[in-house]
Amino acid sequence: MTASAYRDHLGRPIVAVTGMGIITSLGQGLSDNWAALSSGTSGIHEINRFPTEGLSTRIAGTVDFIGIPVPNAVERSYAFARETTIEALADAGLSGDFNGPLFLAAPPIEPEWSARFELADRSPASDHPGDAYERFLTALRQRPDPAFHEAALFGAISERLADRFGTRGLPVTLSTACASGVTAIQLGIEAIRQGRTTRALTVATDGSLSAEALIRFSLLSALSTQNDPPTRASKPFSKDRDGFVIAEGAATLVLESLESAVARGAKVLGIMKGAGDKADSFHRTRSSPDGGPAIATIRAALADAGMSEGDIGYINAHGTSTPENDKMEYGSMSAVFGEKLVGIPVSSNKSMIGHTLTAAGAVEAVFSLQTMLTGTLPPTINYNNPDPSIILDVVPNKKREAQVSAVLSNSFGFGGQNASLVMALEPA
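These numbers were taken from a predicted model, which means no experiment stands behind them.

Reading guide: rules and limits
- Chains are numbered independently. Their residues run from 1 in the order of the written sequence.
- For a predicted model such as this one, the threshold for reporting local features is a pLDDT of at least 70, and the threshold for listing and counting side-chain atom pairs is 80 or more; totals across whole chains, interfaces and linings nevertheless cover every residue.
- Neither water nor hydrogens contribute to the side-chain values; these are computed over all heavy atoms in the structure.
- An automatic or database domain assignment provides the domain bounds reported here.
- Only heavy atoms enter the contact rule, under which two residues are in contact if any of them lie within 4.5 Å.
- What counts as buried area is the accessible surface, traced by a 1.4 Å probe, that two parts surrender upon association, with contributions from both included.
- We define a salt bridge as a side-chain nitrogen of Lys or Arg found within 4 Å of a carboxyl oxygen belonging to Asp or Glu.
- What qualifies as a polar contact is a pair of N or O atoms within 3.5 Å, subject to a donor-acceptor requirement within protein and to the restriction that residues adjacent in sequence count only when both atoms come from side chains.
- Only runs of H or I of at least four residues qualify as helices and only runs of E of at least two qualify as strands under DSSP, and these elements are numbered from the N terminus.
- Note on residue classes: Ala, Val, Leu, Ile, Met, Phe, Trp, Tyr, Cys and Pro are nonpolar, Asp, Glu, Lys and Arg are charged, and everything else, Gly too, is polar.
- Only protein chains enter the area calculation, which uses a 1.4 Å probe; residues under 20% of their type maximum are buried, those over 50% are exposed, and those in between are partly exposed.
- Only protein atoms enter the 1 Å grid used here. Points where a 1.4 Å probe fits but cannot escape make up a cavity, open sets with protein on both sides within 12 Å along at least five of seven lines make up a pocket, and a residue lines them when an atom lies within 4 Å of a point.
- Grid points are joined across faces, edges and corners, and a volume is the space filled by probe spheres set on the points.
- What makes a nonpolar core is a set of buried Ala, Val, Leu, Ile, Met, Phe, Trp, Tyr and Cys residues whose side-chain atoms join them at distances within 4.5 Å.
- A pair of strands is treated as paired once DSSP finds two or more bridges between them.
- Two aromatic rings from Phe, Tyr or Trp, using only the six-membered ring of Trp, form a pair when their centres are within 6.5 Å; if the ring planes differ by under 30 degrees the pair is stacked, by over 60 it is edge-to-face, and anything between is tilted.
- Charges are assigned to positions over rings by a cutoff of 6 Å between ring centre and Lys NZ or Arg CZ, combined with an angular limit of 35 degrees from the ring normal.

Moving on, we come to the domain arrangement of the chain. For the chain, the assigned domains are domain 1 (15-109 + 154-424) and domain 2 (114-151). Computed from C-alpha atoms alone, the centre-to-centre distance between domain 1 and domain 2 is 37 Å. Tallying the contact residues gives eight residues for domain 1 and four residues for domain 2. For the pair domain 1 and domain 2, the summed buried surface comes to about 420 Å²; carbon and sulfur atoms form 50% of the total. Interface area lost by domain 1 to domain 2 is led by N72, V74 and A156, which between them contribute 50%. Taken together, the connections running from domain 1 to domain 2 amount to zero salt bridges. Along the contact surface separating domain 1 from domain 2 lie zero residue pairs in polar contact (both at pLDDT 80 or more). Elements with a minimum of two residues in the side of domain 1 that touches domain 2: α2 (73-92) and α6 (156-165). The residue makeup of the side of domain 1 that touches domain 2, split by class, is four nonpolar, one polar and three charged.

The structure is reproduced here in structure tokens:
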């Protein structure tokens, strides 16, 4: 191949995906996840991690089959990230030190209330209630608690991953709400395009589901309360949708310059053609109703990829199943694709795995690539009561065989974080 064959429309190195790993409530590993997802299986179930009596939402997509030494969100998130990275590196045919940068999307977690209460119980008494922080520090100095300490460190997960897999440089930990997984991938893409590395490890993980997290999202009226049966609660683009189903998971993608991948004889799973991101200052949690920032995000991703609306054969929607977000996303896609939208299949993985929060963008990128590799469009399940104001081909309830060569994947998150990816099977 000539040198120009390894460059994109702007003269930048083409970025290939050479390894993938995934964990969701459907199971561990790409094979099991894809078999379940493409068959329309739901991973949503009743919560058994903590008591849910009296709560309006009692269901989730928790991942409870990965062993952890200490039951907290940091250990869960690290374990998920570790296992998906092991799978992705094996898929890429890489061993030994990775020798490239690590970009990790991780939830902005804090020690859970049970751990805080335990610490408070052994903190020394004080005549000044306002000095709780000093009391906690005194208690930890008297009896160090490494697990609690690590649970309070935002960068702990990436440091452990860097040590385990031999990444290069300072590991980057980021959190851009529901767009985090795409942001991690975008940073990896840019590092390769800028010539700073020939490979990057991009990981997104979220094991943060706790009673506190459930209650906080419930207070925002963001969660579905249709608890029975759990498998039917997430119903994106349906008229009777009432909120998202909170979930856990992780995904790792190994990114390499196409030239490097070909040189070492690596299997190329797909191409990261373009990425776009835009901020939305409308509200702390709600997206702008006119969809302006989301529209700009999709257009930015297409422009970065050097592609037009007509090049997209499938859209992996953000598709949360919340009344406002689904309506906004539909309006945004309609503004970009116009009349072409009715002919483009648009489905939501979240109908089966729930919303994996920080991990969602990377999880859905893996499923998007797998859609192209297998020629199978995963369904949007629970689509039995269509919303007449949302006219989409959602691949209702059953998978569809169709070969597509380019996919758009959207992630529109809290705090105005919007990001989209354009992926393809082959370089132009």
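With that settled, the discussion passes to the pattern of salt bridges. Using the criterion set out here, one finds 16 salt bridges in the structure. With a closest N to O distance of 2.8 Å, D8 and R12 form a salt bridge. Summarising the burial analysis for this pair, D8 and R12 share the class buried. For the salt bridge of E248 with R76, the shortest nitrogen-to-oxygen distance reads 3.7 Å. On the criterion of sequence distance, the pair formed by E248 in the loop between α8 (211-219) and β8 (249-257) and R76 in helix α2 is long-range, its members being 172 residues apart. In this structure E248 comes out as buried when scored by relative accessible area, which is 0%.

The next subject is empty space enclosed by the protein. For the coordinates displayed, the defined rule picks out two cavities of 30 Å³ or more. Looking at the largest cavity, its volume works out to about 50 Å³. Together, V74, A106, P107, I109, A151, A152, L153, F154 and I157 line the largest cavity. Classifying every residue of the lining of the largest cavity by side-chain character gives nine nonpolar, no polar and no charged. Together, N72, A73, V74, I109, E110, P111, E112 and A151 line the second largest cavity. A per-class count over the lining of the second largest cavity returns five nonpolar, one polar and two charged.

Residue D228 is joined to P229 through a cis peptide bond whose omega torsion reads -5°. Relative to the elements of secondary structure, P229 occurs in the loop between α8 and β8. Despite not being glycine, N99 shows a phi value in the positive range, around 60°. On the secondary structure map, N99 appears in the loop between α2 and β5 (102-105). Relative accessible area serves as the criterion here: at 47%, N99 is assigned to the partly exposed category.

Moving on: the nonpolar core. Where a protein is soluble and globular, its nonpolar side chains tend to be buried together. With 46 residues, the main nonpolar core has I185, L253, L255, M272 and L421 as its most contacted residues. Looking at which element gives the most residues to this core, the answer is helix α13 (residues 360-374), with seven residues. Sequence-distant contacts of L253, defined by excluding residues within four places in its chain, comprise V17, G19, I185, A200, L201, T202, M272, A362, A365, V366 and L369.

All right, on to the pairing of strand β7 (residues 199-206) then. In terms of burial, β7 is a largely internal element, eight of the eight residues being buried. On β7, burial covers both faces: R199, L201, V203 and T205 on one face and A200, T202, A204 and D206 on the other are all buried. The sheet contact formed by β5 and β7 spans four bridges and is parallel. Directly across from L102, in β7, lies its bridge partner L201.

Put simply, the largest pocket is a space of about 690 Å³. Contributing to the lining of the largest pocket are 28 residues, with P108, S208, A213, R216 and F217 lying nearest its centre. The element contributing the most residues to the lining of the largest pocket is α8, with four residues.

Moving on: the packing of aromatic side chains. Throughout the structure, instances matching the rule amount to two aromatic pairs. Taking 6.2 Å as the distance between ring centres and 40° as the angle between the ring planes, the aromatic pair formed by W34 and F367 counts as tilted. Residue W34 is located in helix α1 (residues 30-38), and its partner F367 is located in helix α13; the two are separated by 333 residues in the primary sequence. By relative accessible area, F367 is classed as buried at 0%. A cation over an aromatic ring shows up here: R160 above the ring of Y78, its NZ or CZ 3.9 Å from the ring centre. Directly above the ring of F98 sits R199, whose terminal nitrogen or CZ lies 5.6 Å from the centroid.

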